Amino acid sequence: MTVSISRQFKLVFFSQTNKVAWAALGVWLGGLAAIAVILVAIHSETPLADFFSYFYLLADTVVGLLALYLVYAFRGRALAIPWLTISSFVLSDFIYIQMTETGVYDYVMHGISIALLADTLYVVAYLVVAWGCLEQYLLLRSSADHSQA
Amino acid sequence: MKSFNVKRYRLFAFIVFFLITVFFAWTFALAPFSETANLLILNGGTTLSALTAAFILTLIPFYYHQDEPPRVIWTAFAVCMWLWTIAEAIWGYLYTRDGEVPVFSSADIFWLVDISR
């Protein structure tokens, strides 16, 4: 995901240097350092479990925000669709993790299980990504067919 | 020459995606089959939806030449989605077999590699 996003940024900004790759590395190292500081600060008794809960949330946030920026960079046009679907996917993953961490996942509201909504949302999020990629595929394939006609 | 019908592809995909979602939600809500079958359908549904995205993504890089920058972007994206699919499949298998998944499982290796690479 890092390679994909950083290459897309490099293309969007017409960057000829490795500035974007270094920025991506900096974001990851900074994120890992921030998690380490948090684990030490809260005197974590289950560092592995806490590491993962923070890491996935951080990764979802970073990927989601960068994908949203790419949507903005493409001005919401056809090329933005896959990135929009990726940002919606990581948002649903973020919500899912928060629900399981806070215990909301086990609630039942007015006879409707939150787990049912959360799990269905997760499946739908993958299918939304599939839809976004399908749009990209259809765009490329119809362009290729037009150029051959 | 037979023309490429975009609308037909969209309609087909919409129907398939809708049926996957409805079948998943129905199985989750009512658990109509045996316990093992329900678990297989629920975990398989998640893996199937990830697999669908991975399969479509794999087709995209072929529309670019080797030296075109978008080819790397879409190839990396496709690899990422395959890793996600493998992670979902492992998680689903462990959950179906044991009823719970440890904090760190082999699925996490794929998720970690997927996000960070």
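These numbers come from a predicted model, not from an experiment.

J.: Can you lay out the confidence of the model for chain A for me, pointing to particular residues and giving the numbers?
T.: Of the residues in chain A, 98% have a pLDDT of 70 or more, and the chain-wide mean is 85. Of all secondary-structure elements in chain A, the lowest mean pLDDT belongs to strand E1 (residues 108-109) of chain A, at 75, while helix H5 (residues 114-148) of chain A reaches the highest, 89.

J.: If you had to explain the interface of chain B and chain A to someone new, which residues and values would you point to?
T.: Taken together, the 45 residues of chain B in the interface contact 42 residues of chain A. With both chains or domains summed, chain B and chain A bury close to 4,300 Å², and 80% of this area falls on carbon and sulfur atoms. Inspection of the chain B/chain A interface yields 6 residue pairs in polar contact (both at pLDDT 80 or more). Residue assignment for the side of chain B that touches chain A shows that the elements contributing at least two residues are helix H1 (6-30), helix H2 (35-59), helix H3 (69-98) and helix H4 (106-116) of chain B. Class assignment for the residues of the side of chain B that touches chain A results in 34 nonpolar, 6 polar and 5 charged.

J.: How would you explain H3 of chain B if you had to name every residue and give the values?
T.: Between its first and last C-alpha atoms H3 of chain B spans 44 Å; for 30 residues at 1.5 Å apiece the expected length is 44 Å, and the two agree. Positive phi appears at Gly-99 of chain B, one or two residues downstream of H3 of chain B, with a value of about 85°.

J.: Explain the packing of helix H4 (residues 81-102) of chain A against H3 of chain B to me, and be specific about the residues and the numbers.
T.: Between H4 of chain A and H3 of chain B, the shortest axis-to-axis distance is 14 Å and the interhelical angle comes to 30°. When the axis of H4 of chain A is compared with that of H3 of chain B, the two are roughly parallel. For the pair H4 of chain A and H3 of chain B, the crossing hand works out as left-handed. Where H4 of chain A approaches H3 of chain B, its residues Pro-82, Trp-83, Ile-86 and Phe-89 of chain A are matched on the opposing element by Ile-73, Trp-74, Phe-77 and Trp-84 of chain B.

J.: Let's hear about the nonpolar core: which residues, and what values?
T.: Judged by nonpolar contacts, the single largest core of 62 residues is most densely connected at Met-1, Trp-83 and Phe-89 of chain A together with Leu-57, Ile-60, Met-81 and Trp-84 of chain B. No other element matches the 12 residues that H5 of chain A contributes to this core. When sequence neighbours within four positions are dropped, the list of residues in contact with Trp-83 of chain A reads Ser-4, Ile-5, Gln-8, Ala-67, Leu-70, Val-71 and Phe-74 of chain A together with Ile-73 and Phe-77 of chain B. Counting residues in each nonpolar core, the second largest holds 6 residues, with Met-99, Ile-114, Ala-115 and Ala-118 of chain A among its members.

J.: Provide a residue-level description of the pattern of salt bridges, including the pertinent values.
T.: Close approach of charged atoms lets side chains of opposite charge pair. Considering all chains together, one arrives at 2 salt bridges over all chains under this definition. For Arg-10 of chain B, the salt bridge identified is with Glu-135 of chain A, shortest N-O distance 2.7 Å. On the criterion of chain membership, the pair formed by Arg-10 of chain B in helix H1 and Glu-135 of chain A in helix H5 is interchain, its members lying in two chains. When the shortest N-O distance is used, the salt bridge between Asp-98 of chain B and Arg-97 of chain B registers 2.9 Å.

J.: Requested: an account of the packing of H1 of chain B against H2 of chain B, with residues and values cited.
T.: The description of two packed helices rests on the angle between their axes and on the distance between the axes. Residues and elements named next belong to chain B. Relative to each other, H1 and H2 sit at 155°, their axes nearing to 9 Å. Relative to H2, the element H1 lies roughly antiparallel. Every pair of crossing elements has a handedness; the one defined by H1 and H2 is left-handed. Contacts between H1 and H2 pair Phe-17, Ile-20, Phe-23, Phe-24, Thr-27 and Phe-28 from the former with Asn-38, Ile-41, Leu-42, Gly-45, Thr-46, Leu-48 and Thr-52 from the latter.

The rules behind these values
By convention here, each chain's residues receive numbers from 1 onward along its written sequence. Written order determines the labels here, with chains lettered from A and ligands numbered from 1. Local features in this predicted model are restricted to residues whose pLDDT is 70 or higher, and side-chain atom pairs enter the listing and the counts only when it is 80 or higher, whereas totals over whole chains, interfaces and linings include all residues. Side-chain measures here rest on the full set of heavy atoms in the structure, leaving out hydrogens and waters. Values of pLDDT, ranging from 0 to 100, describe the predictor's confidence in every residue of the model. Numbering goes from the N terminus for both helices and strands, where a helix is a DSSP run of H or I of at least four residues and a strand is a run of E of at least two. Two residues form a contact once any of their heavy atoms are found within 4.5 Å. Throughout, the accessible surface (probe 1.4 Å) given up by two parts as they are put together, summed over both, is called the buried area. In protein, a polar contact requires one atom able to donate a hydrogen and another able to accept it; more generally it is a pair of N or O atoms within 3.5 Å, and residues adjacent in sequence count only if both atoms are side-chain atoms. Note that Gly is not counted as nonpolar here; it falls among the polar residues with everything else outside the nonpolar set of Ala, Val, Leu, Ile, Met, Phe, Trp, Tyr, Cys and Pro and the charged set of Asp, Glu, Lys and Arg. To estimate the expected span of a helix, count its residues, drop one, and scale the result by 1.5 Å. Structural elements are reduced to axes, namely lines fitted to C-alpha atoms, with helices fitted over the stretch in contact, and the angle between N-to-C directions of any two is expressed from 0 to 180 degrees. Should an angle fall under 35 degrees it is called roughly parallel, over 145 degrees roughly antiparallel, and 65 to 115 degrees roughly perpendicular, with every other angle called oblique. For a crossing to be left-handed, the near helix must be turned anticlockwise from the far one by less than a right angle; the clockwise case is right-handed. Among the buried residues, those of types Ala, Val, Leu, Ile, Met, Phe, Trp, Tyr and Cys that are joined through side-chain atoms within 4.5 Å form a nonpolar core. To sort residues, take the accessible area from a 1.4 Å probe on protein chains only and compare it with the maximum for the residue type: under 20% means buried, over 50% means exposed, and anything in between is partly exposed. By definition, a salt bridge exists where a carboxyl oxygen of Asp or Glu is found within 4 Å of a side-chain nitrogen of Lys or Arg.

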